[in-house]
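Per-entry structural report
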Amino acid sequence: MKKIVFTLSLLIIFLCCIPAILSAEQSKIAIFDFQKIINESSMGKTTQKQLMNRGNEFQKKLKTEKSKLEAMTKAYEKEKLVLSPEKQREKETEMRNRINDFRRLQNDFEREFKQLELESLNKIQQAVVGIAKEIGEQGKYTLILERKAAGIIYFAKSIDITTRIIKKYNQKAKENN
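Quick look at the structure, then. (Residues numbered from 1 in each chain as written. Predicted model: local features only at pLDDT ≥ 70, side-chain atom pairs only at ≥ 80, totals over all residues. Heavy atoms only, no water.)

**Re the environment of Ile159**
The residue Ile159 is located in the loop between strand 2 (143–146) and helix 5 (162–176) in this model. As for Ile159 and Ala30, which are separated by 129 residues in sequence, their C-alpha atoms are 4.7 Å apart. When near neighbours in sequence (up to four residues on either side) are disregarded, Ile159 contacts Ile29, Ala30 and Ile31. (Helix = DSSP H or I, 4+ residues; strand = E, 2+ residues; numbered from the N terminus. Contact = heavy atoms within 4.5 Å.)

**Side note on helix 3 (residues 42–79)**
Here helix 3 contains 38 residues, and its C-alpha end-to-end distance of 55 Å stays within 8% of the 56 Å for a straight helix at 1.5 Å per residue. Residues of helix 3 that are buried: Gly44, Thr47, Leu51, Gly55, Phe58, Leu62, Leu69, Met72 and Tyr76. Residues of helix 3 that are buried sit in contact with helix 2 (34–40), helix 4 (85–138) and helix 5. (Expected span 1.5 Å × (residues − 1). Buried < 20%, exposed > 50% of the residue type's maximum accessible area, 1.4 Å probe, protein only.)

**Here we look at the side chain of Ser120**
Relative to the assigned elements, Ser120 resides in helix 4. A polar contact is formed between the side chain of Ser120 and the backbone oxygen of Leu116, at a distance of 2.9 Å. Residue contacts for Ser120: discarding those within four places in its chain leaves Thr47 and Leu51. (Polar contact = N/O pair within 3.5 Å; in protein donor to acceptor, adjacent residues only side chain to side chain.)

**Looking at the nonpolar core**
Formed by 15 residues in total, the largest nonpolar core has its most connected members in Phe32, Ile37, Val128, Ile161 and Ile165. Those elements that place two or more of their residues in this core are strand 1 (29–32), helix 2, helix 4 and helix 5. For this core, the leading source of residues is helix 4, giving five residues. The residues touching Phe32, leaving out its near neighbours within four places in the chain, are Ile37, Val128, Ala132, Ile144, Leu145, Glu146, Arg147, Asp160, Ile161, Thr162 and Ile165. The next biggest cluster of nonpolar side chains, apart from the first, holds five residues, and it includes Phe58, Leu62, Leu69 and Phe109. (Core = buried A, V, L, I, M, F, W, Y, C linked by side-chain atoms within 4.5 Å.)

**Side note on the packing of aromatic side chains**
If you walk through the whole model with that rule in mind, you get one aromatic pair. Here the guanidinium or amino end of Lys28 rests over the ring plane of Tyr141, the centre of that ring lying 4.8 Å away. (Phe/Tyr/Trp six-rings, centres within 6.5 Å; stacked < 30°, edge-to-face > 60°. Lys NZ or Arg CZ within 6 Å of the ring centre and 35° of its normal.)

Laid out in structure tokens, this is it:
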């Protein structure tokens, strides 16, 4: 008798849960590729161009400084034989200082460029995340993932919303200009 009551109770509980299971919302998942957005969106291209121009400026300044340093080294090598030991030490100290200044300048440029790159990418990322949230709310998505950050190896192209994000991002960029 106890087995029958227990079995009937389980059957009733199971039958009560079926409508809840069947009526549960279907999960809607989307994926976007941030690198593709950077490479193909108008703002991403503009940012890349700005970074490249800034990097070229830094390279020109470093090249100029390096040329000055090389000229100074050549001049010292020519004068070295006729200079007194005291003057040689002075020139060598001056050259070491210039070399250290060049290395410092190189490190400063590198640090500044990395900071500029990081700020630019963060700015794009904030805009893209906002657009992805907007698309998620409008499309009633359960989950939106960034392809590389989520470590996704394979996904169906039908859930890729990268082009939609690029279109909205380009549209917002036009509106802001």
